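# Structural overview for review
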Amino acid sequence: LKTSAKPQAAKPQPPGLLNKMSVSGTPVKLDYNEARELAELPAKIEILEQEQGDIARKLCSSTIYSDCPDEARTLQGRFAILEQELMKYLTRWEELEAKRSMGRQKI
């Protein structure tokens, strides 16, 4: 199992966000809820990464597969779910950061 995140290439700005900027002529800013969400994402990501690390350490033990195969399968399933949740949070973080940085730019 991989425990390190793959480096992600810089993504182009979402087309919907670019269209909003160009149509209105004013930068798009984060609203209150988006700003709160952006502030909370690092803590959420850290919690998931800690849990993922704990599971990875348990799965590295060879005895779990022979002594508790059901627990090993459960942990593998949880690890996969955590990976999906992490990717969702990281993607959202990128979206909000991109929106925030566009709001700071002058046209």
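Our subject is the structure listed above.
The notes below deal with the structure included here. (Residues numbered from 1 in each chain as written. Predicted model: local features only at pLDDT ≥ 70, side-chain atom pairs only at ≥ 80, totals over all residues. Heavy atoms only, no water.)

## Quick word on the side chain of Glu34
Our working definition: Secondary structure counts use DSSP, requiring at least four H or I residues in a row for a helix and at least two E residues in a row for a strand, with both numbered from the N terminus. Under this definition, polar contacts are N or O atom pairs within 3.5 Å; protein pairs additionally need one hydrogen-donor-capable and one acceptor-capable atom, and for neighbouring residues in sequence, both atoms have to be side-chain atoms. Throughout, a contact is declared for two residues whenever any of their heavy atoms are within 4.5 Å.
Looking at the element boundaries, Glu34 is found in helix H2 (residues 32–60). At 2.8 Å, the side chain of Glu34 and the side chain of Lys99 are in polar contact. Every residue in contact with Glu34, bar those within four places of it in the chain, is listed here: Lys29, Arg92, Leu96 and Lys99.

## Points about the nonpolar core
For the record, the criterion: By nonpolar core we mean a set of buried residues, namely Ala, Val, Leu, Ile, Met, Phe, Trp, Tyr and Cys, connected to one another through side-chain atoms within 4.5 Å. Only protein chains enter the area calculation, which uses a 1.4 Å probe; residues under 20% of their type maximum are buried, those over 50% are exposed, and those in between are partly exposed.
Grouped together as the largest cluster of nonpolar side chains are eleven residues: Ile45, Leu48, Ile55, Ala56, Leu59, Ile64, Ala72, Leu75, Phe79, Leu82 and Leu86. The residues touching Ile55, leaving out its near neighbours within four places in the chain, are Leu75, Arg78, Phe79 and Leu82.

## Here we look at the environment of Leu30
Its location among the elements puts Leu30 in the loop between helix H1 (15–24) and H2. Between the C-alpha atoms of Leu30 and Met102, which are 72 residues apart in sequence, the distance is 9.7 Å. Contact partners of Leu30, with chain neighbours within four places excluded, come to Ala35, Leu38, Leu96, Lys99 and Arg100.

## What to know about the packing of H2 against helix H4 (residues 69–104)
Quick note on the threshold: Between N-to-C directions, angles cover 0 to 180 degrees, with each direction set by a line fitted to C-alpha atoms, over the stretch in contact for helices. Here the angle decides the label: under 35 degrees means roughly parallel, over 145 means roughly antiparallel, 65 to 115 means roughly perpendicular, and every other value means oblique. Helix crossings are classified by the rotation of the near helix relative to the far one: an anticlockwise turn of less than a right angle makes the crossing left-handed, while a clockwise turn makes it right-handed.
Running from N to C, H2 and H4 cross one another at 155°; their axes reach a closest spacing of 9 Å. Between H2 and H4, the angle falls in the class roughly antiparallel. The handedness of the crossing between H2 and H4 is left-handed.

## Section: H2
To keep it simple, the criterion reads: For a helix, the expected span equals 1.5 Å multiplied by the residue count minus one.
Between the first and last C-alpha of H2 there are 42 Å, a value that for 29 residues agrees with the 42 Å anticipated at 1.5 Å per step. Taken as a whole, H2 has its buried residues at Glu34, Leu38, Leu41, Ile45, Leu48, Gln52, Gly53, Ile55, Ala56 and Leu59. In this fold, the buried residues of H2 make contact with helix H3 (63–67) and H4. Its side-chain oxygen at 3.1 Å from the backbone nitrogen of Asn33, Asp31 defines the N-terminal cap of H2.

## Observations regarding the pattern of salt bridges
Where charged atoms of side chains with opposite charge meet at close range, the side chains can pair. The line we're drawing: Put simply, a salt bridge is a Lys or Arg side-chain nitrogen that is within 4 Å of an Asp or Glu carboxyl oxygen.
For the coordinates displayed, the defined rule picks out nine salt bridges. Measuring nitrogen to oxygen at the nearest pair gives 2.8 Å for the salt bridge that ties Lys99 to Glu34. Taken together, the residues span a long stretch of sequence, with Lys99 in helix H4 and Glu34 in helix H2 at a distance of 65 residues. On the basis of relative accessible area, Lys99 is assigned to the buried category, the value being 13%. The class for Glu34 is buried, based on a relative accessible area of 14%. Between Arg78 and Glu51 there is a salt bridge; the shortest N-O distance is 2.8 Å. In this pair, Arg78 is assigned in helix H4 and Glu51 in helix H2, connecting sequence segments 27 residues apart.

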